[in-house]
Amino acid sequence: MLHVLLSGNYDSLLAFCGIIFAFAATVFATARLSAFLPKDAGREFAHDGKLSAGKPRGAGIIFVLAFTAAGLLFAPVRAENVIYLILIVICMLTGFFDDASKTPWGEYKKGFLDLCVAAMVALTFLRYNSNVVELALFDIRFTLHPIVFALLTVVLVWTSVNVTNCSDGVDGLSGTLTLITLMTIYIIDRIKDAGQDFSFLILLFSVCILGYLWYNATPSRLLMGDAGSRAMGLFISIAILKTGCPFLYIPVALILLLDGGLGLGKVFLLRFFKIHILKNVRTPLHDHVRKVWDWSNTQTVYRFAIIQIIVSVAVVYGIQV
């Protein structure tokens, strides 16, 4: 919006102000509004889940709205990006209403809503972008049929939303892994000389997560809830689509995918095909390493983050050479 008022001038200054605004708005709004958030009831089956009982939950509504405001104020106004912002807010609100509900929403209800959002992302992306896919690590490009591209996009978005949601269970873990993933995508954008508009949104979203982590670092004062984790997963999927290399989601979000995805796969196979895999592995994996391997919360965050950083560095180097 400010780009329009200033006729596109002072882009660097606007970017600087936007980043500072996004972080400050998240920090101050969280301090002022956290008392009004719903309280967590504790997680009966999660390792140390009862320790979160009584903490404000659903803080994702704060940092997602701070990000949306910063994006509308300081980023160039593009119809495509505005649609994405609306969808991120919708995804966040579905999570927040679930956080605030006395009776948790059912899996099928949330899954259907995720499917609707994923379909809208696919249609929006195809409206403004090509259906050419690049395998960046192999320097291979090919064109997918629009219907096939749309279906794969729906799978990507749905998966990203849900694995990121499932990885939220240790103070700072989901936010930290999302930060690493997003900054990796940002670097890939810079290497590939992708459009700056969405790259700037990645920076805004990242600093809003940092503002949230100011309060969520161990020991946490509040929790993002589904409102935050689902919105983060959606944003990651859109960001990786914008690189033109959607298959890079696998390595750049590898730990999120393994931590949250193994549990989803385990439940899916058992429920629909009566196939029981990983019988001796607790899922999400962050529960397994804390319960079985006796890792502390801090060790879990640091070690998961270290692994993802190593993989991300390898991906970035592989794209450059």
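Residues numbered from 1 in each chain as written. Predicted model: local features only at pLDDT ≥ 70, side-chain atom pairs only at ≥ 80, totals over all residues. Heavy atoms only, no water.

Student: How should I be thinking about the UniProt feature "binding site: Mg(2+)" (unreviewed entry) in the protein chain in this particular structure?
Tutor: UniProt records the feature "binding site: Mg(2+)" (unreviewed entry) at Asn-165 and Asp-226, using the numbering of this structure. On the basis of their most widely separated C-alpha atoms, the annotated residues across 62 residues gather in one place, lying no more than 6.3 Å apart. Overall, Asn-165 belongs to the buried group, its relative accessible area being 14%. Those residues in contact with Asn-165 that lie beyond four places of it in its chain are Asp-226, Ser-229 and Arg-230. (UniProt positions renumbered as here; feature names shortened; annotations may be inferred. Buried < 20%, exposed > 50% of the residue type's maximum accessible area, 1.4 Å probe, protein only. Contact = heavy atoms within 4.5 Å.)

Student: Sorry, what's going on with the pairing of strand S1 (residues 132-135) here?
Tutor: Regular strands place their side chains on alternate faces of the sheet. Where S1 meets strand S2 (residues 140-143), four bridges bridge the pair, whose relative direction is antiparallel. The partner of Val-132 across the bridge, within S2, is Thr-143. (Pairing = 2+ DSSP bridges. Helix = DSSP H or I, 4+ residues; strand = E, 2+ residues; numbered from the N terminus.)

Student: I'm lost on the nonpolar core in this one. Help?
Tutor: Generally speaking, nonpolar side chains in soluble globular proteins are found buried as a group. With 83 residues, the main nonpolar core has Phe-63, Phe-67, Val-121, Leu-234 and Phe-235 as its most contacted residues. The element contributing the most residues to this core is helix H8 (residues 196-216), with twelve residues. Beyond its immediate chain neighbours, meaning those up to four positions away, Phe-235 contacts Phe-67, Ile-88, Leu-182, Phe-198, Leu-201, Ile-202 and Phe-205. (Core = buried A, V, L, I, M, F, W, Y, C linked by side-chain atoms within 4.5 Å.)

Student: What's the story with the packing of H8 against helix H9 (residues 225-242) in this structure? I'm lost.
Tutor: Helix packing for two helices is described by the angle between their axes and how far apart those axes are. Taken N-terminus to C-terminus, the directions of H8 and H9 make an angle of 155 degrees; their axes are 11 Å apart at the nearest point. Comparing the axis directions of H8 and H9 gives the class roughly antiparallel. Where H8 crosses over H9, the handedness of that crossing is left-handed. Contacts between H8 and H9 pair Phe-198, Leu-201, Ile-202, Phe-205 and Ile-209 from the former with Ala-231, Met-232, Phe-235, Ile-238, Ala-239 and Lys-242 from the latter. Counted by class, the contact of H8 with H9 contains ten nonpolar, no polar and one charged residues. (Axes fitted to C-alpha atoms, helices over the stretch in contact; angles between N-to-C directions. Parallel < 35°, antiparallel > 145°, perpendicular 65-115°, else oblique. Left-handed = near helix turned anticlockwise from the far one by under 90°. Nonpolar A, V, L, I, M, F, W, Y, C, P; charged D, E, K, R; others polar.)

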